[in-house]
Amino acid sequence: MNPTNQFSRPWWQASWLMLMLLGILVLSVYLPGKAGPFLADDYPNILDNNGVALKHLDGQSLASAWTANTSGALKRPFASVSFALNYYFAGQHFDRVAFKLTNITIHILNSFLVFFLSRLLITVVVPSYPAQKLAFLTALIWAVHPLQLTGVLYVVQRMTSMACFFMLSGFLVFLKGRLNLDKTGGIVYMAAGCFFGVMLGALAKENALLLPLLIAVCEWTLMPVVSERAHRNKIYGYYAITVIIPILFCVGYLLKHPEHVLSGYQFRDFTLVERGMTESRILFYYLGLLFYPDNTQLGLFHDDFTLSKGLLEPTNTLLSMIGIIFLIVVALNNSLRRKMPFVSFGILWFFIGHSIESTIYPLELIYEHRNYLPSIGIVIGGVVLVYEIFVKRVSEWMLNSLYACIAISMALATYARASIWSSLDSFSYFEVRNHPQSARTNSVYANSLELKHGPNLETYNHYLIAAQLNTFEVSTLLEVFMELNRLIYYHDVNKYQQNIALPQSYDAPLVFDSKYMDSLKERIHEEIIRRITAKTYPLRTMLGLRSAANCLINGDYECKNIAANLTAWVDAALAQPGFFDVPMIYLIKAKIYFNQREVARALEFVDKAIALSPDRMYFYAEKAYLFVTLNEFDNAENVIRHAESLGIANGFDAQEFQTLRDAMQRKSLVAEPTVP
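Residues numbered from 1 in each chain as written. Predicted model: local features only at pLDDT ≥ 70, side-chain atom pairs only at ≥ 80, totals over all residues. Heavy atoms only, no water.

Draft legend 1. Molecular detail of the state of the cysteines. Following the criterion strictly, the structure yields 1 disulfide and no others. A disulfide bridge connects C551 with C559, and the sulfur atoms are separated by 1.8 Å. On the sign convention where negative means left-handed, the S-S torsion of about 90° between C551 and C559 marks this disulfide as right-handed. In this structure, C551 and C559 share a single accessibility class: buried. The structure places no disulfide on C250, whose sulfur is separated from the nearest cysteine sulfur, that of C194, by 13 Å. (Disulfide = S-S within 2.5 Å. Buried < 20%, exposed > 50% of the residue type's maximum accessible area, 1.4 Å probe, protein only.)

Draft legend 2. Expanded view of the packing of aromatic side chains. This structure, assessed with the given rule, holds 29 aromatic pairs. Judged by centre distance (5.1 Å) and plane angle (90°), the rings of Y88 and F89 are edge-to-face. Geometrically, the ring pair formed by F94 and F99 is tilted, given 6.1 Å between the ring centres and 35° between the ring planes. Among the aromatic side chains, those forming a connected cluster through ring pairs are F171, F174, Y238, Y239, F345 and W349. Against the face of Y189 rests K176, its NZ or CZ located 5.3 Å from the ring centre. (Phe/Tyr/Trp six-rings, centres within 6.5 Å; stacked < 30°, edge-to-face > 60°. Lys NZ or Arg CZ within 6 Å of the ring centre and 35° of its normal.)

Draft legend 3. Main features of the packing of helix α8 (residues 158-178) against helix α9 (residues 186-202). Relative orientation of the contacting elements α8 and α9 amounts to 175°, with a least axis distance of 7 Å. Taken together, the axes of α8 and α9 are roughly antiparallel relative to one another. Taking contact as the criterion, the partners of A163, F166, M167, G170, V173, F174, K176, G177 and R178 in α8 are, on α9, G186, Y189, M190, G193, C194, G197, L200 and G201. Residues belonging to the contact of α8 with α9 are distributed by class as follows: 9 nonpolar, 6 polar and 2 charged. (Axes fitted to C-alpha atoms, helices over the stretch in contact; angles between N-to-C directions. Helix = DSSP H or I, 4+ residues; strand = E, 2+ residues; numbered from the N terminus. Parallel < 35°, antiparallel > 145°, perpendicular 65-115°, else oblique. Contact = heavy atoms within 4.5 Å. Nonpolar A, V, L, I, M, F, W, Y, C, P; charged D, E, K, R; others polar.)

Draft legend 4. Structural detail: helix α15 (residues 341-353). A rise of 1.5 Å per residue sets the reference length of α15, with its 13 residues, at 18 Å; its end C-alpha atoms lie 18 Å apart and thus fit the reference within 8%. Burial analysis of α15 places 10 of its 13 residues in the buried class, the great majority of the element. Residues of α15 that are buried include every one of F342, S344, F345, G346, I347, L348, W349, F350, F351 and G353, and no others. Elements that come into contact with the buried residues of α15 comprise α5 (96-125), α8, α10 (211-221), α13 (272-291), α14 (316-336) and α16 (374-390). (Expected span 1.5 Å × (residues − 1).)

Draft legend 5. Fine view of the packing of α5 against α15. Contact pair α5 / α15: the axes reach a minimum separation of 11 Å and the direction vectors enclose 140°. When the interaxial angle is binned, α5 and α15 end up oblique. Mapping the contact onto sequence places L121, I122 and V125 in α5 and P341, F342 and F345 in α15. Among the residues making up the contact of α5 with α15, the classes are represented as 6 nonpolar, no polar and no charged.

Draft legend 6. Fine view of the nonpolar core. In terms of nonpolar packing, the biggest core is built from 121 residues, with L121, F171 and I376 touching the most fellow members. Setting aside chain neighbours within four positions, we find F171 in contact with L117, L211, L214, I215, C218 and W349. (Core = buried A, V, L, I, M, F, W, Y, C linked by side-chain atoms within 4.5 Å.)

Draft legend 7. View of empty space enclosed by the protein. Throughout the structure, instances matching the rule amount to 2 cavities of 30 Å³ or more. Volume-wise, the largest cavity comes out at about 110 Å³. Residue lining of the largest cavity: 14 residues in total, with T160, N207, E357, L373 and P374 positioned closest to the centre. In terms of residues, the lining of the largest cavity owes the most to one element, α8, which gives 4 residues. When its residues are assigned to classes, the lining of the largest cavity shows 7 nonpolar, 4 polar and 3 charged. (1 Å grid on protein atoms, 1.4 Å probe; cavity = no way out; pocket = protein on both sides within 12 Å on 5 of 7 lines; lining within 4 Å. Points joined across faces, edges and corners; volume = space filled by probe spheres on them.)

Draft legend 8. Highlighting the side chain of E431. Within the secondary structure layout, E431 lies in helix α18 (residues 424-434). Buried within the structure, E431 lacks any salt-bridge partner; R417 is the closest side chain of opposite charge, at an N-O distance of 4.9 Å. If sequence neighbours within four positions are ignored, E431 has contacts with G299, L300, F301, W421 and T441. (Lys, Arg positive; Asp, Glu negative; His and termini not counted. Salt bridge = Lys/Arg side-chain N within 4 Å of Asp/Glu carboxyl O.)

Draft legend 9. Just the side chain of S428, in detail. Tracing the chain through its elements places S428 in helix α18. A polar contact of 3.2 Å, which involves the side chain of S428, links it to the side chain of S448. Those residues within four positions of S428 in sequence are excluded, and the remaining contacts are V444, Y445 and S448. (Polar contact = N/O pair within 3.5 Å; in protein donor to acceptor, adjacent residues only side chain to side chain.)

Draft legend 10. Just the pattern of salt bridges, in detail. Applying the stated criterion across every chain yields a total of 25 salt bridges. D607 serves as the salt-bridge partner of K623, at 2.7 Å between the closest nitrogen and oxygen. Remark: D607 occurs in helix α26 (residues 599-612) and K623 occurs in helix α27 (residues 617-629); sequence separation between them is 16 residues. With a shortest N-O distance of 2.8 Å, R661 and E637 are connected by a salt bridge. With R661 in helix α29 (residues 651-667) and E637 in helix α28 (residues 633-645), this residue pair connects regions lying 24 residues apart in the sequence. Its relative accessible area of 21% is what places R661 among the partly exposed residues. Taking relative accessible area as the criterion, E637 reaches 17% and is therefore assigned buried. Shared partners join several salt bridges into a network, and the residues in it are E364, R440, E473 and R540.

Shown next, in the form of structure tokens:
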């Protein structure tokens, strides 16, 4: 099988045609999911984020969008602005099709970059191989692999795909310099590619900080040896600045400030050691899904994954840890011997790509989108390995057929999965069918049933299952409480009265009897208190309490009588030492008091929130809002001016203050002031 020279390729191997075909195939595979629902973290980051609701293309509005997100150390402003532009150009509403087509477009662009990257690497390392064809197959298999779907159709994971775009772009710029090191400007391209790839990528997601390490992997495994001493010194200096010094700095910082990592574990149901052991199994789980992507194993949530409690609990924990060490040692050894370079590249790229989200940081254990970038190395290595194994053993037609079967099977699996993601009904059904022991999938399924059928027993039971599956979770138990309130409201429970024993626990079977259901509410309330008082997930607990407070303030029927319960839950959170966000809990309590017309107490707790966190403009805006609601416009304006005088308000804060001023101007025209 002789490779065709790049200047004498047949027309059907032209790069532009391959890219066009690649784009069409990827679009066709993902198109069924274009109108799928917003899910999970889409809500706090996009739908419930006022900064994303871009009304004007002016500096202040764009500055608001730039600073609207609070995720990560750098707040991911590129992703936030992209969401805002989606909103604006979709007629100023959250058009699911517009958001998802944008994600698909970014994924197609990334597949183009994978094509260029793999073609360049194959050409440099093994120029006798058909780089154009192998690059096309690599990009296609990677792009249509079912494991990539959550990085594409889960809108908020645009953060991941955008970071990948800038990282791959920077990588290609680096390679332009590295492969022309003998020319003027070679080292400049190397530095520029790394610097801008990291900086621009990190503004979408912090994973871009791994780019220098991924470049080092490429250098170690694939790049040609540099013979001239002057050029070697350039490379040594480059990696000293981009890799060695940053690693030493990070290690030194973490040794001096271990609380940067360890503090997050006090609110997790696993320790640092347990996380490390579990992640070793998760990494092999990811590899298994890469080589055999069973759609029944895939899912948005994997909180049903068993935690490793010891080296033999479960038994494959120790084997997984040994397996990771073995693979890394083999890759390093092969690199030293210049043997099977693409296999070594794929292994090291994969593990380095997971080194932030799958190691020491107290993040949630497992998400499929974390493979979006790491899987690139595995696919490149796999495609080249298949070629090396079969090129001299089978005919070209048979080898092409093998590649076609792999690509088609991946594409069909992704097409089927994208179709499932096309509606909340099908998504939630298949999620709970494939992961029945996942608390989150049961909660999503319950929500889908609620939206479709209204309050019903099956919805209640699935919320209850979710609450039972995770005894640290409060938010699902709050949903159980609210669903019980809905059932009481919509059913004439008195006509079902029976002589039955009252429930003794929160998860007792539901019986439609007024006394029984009131008693069951009390048991659920007690369990919520117990969970909040014990070790709990503080962020989700806070968000659950905040949602309940908003439900109360909005006057929703299921929340009309929960003020006493909600006050007790909030007090339990405040009593927990080191709770995640005490100022926010104070603000929630202030809203409860305000709803109960206890204005003085409400302002007292808002002031407590501000005193604990004087730099958070959100609290000043909330205090001003209370005054606006009371028609005390002078007090509201004084609060806003004081906040502005601190000189730390960002674009989002400025827009919020202007919104309050606009509200004051409108309300000043109302003759009769109203008090809630």
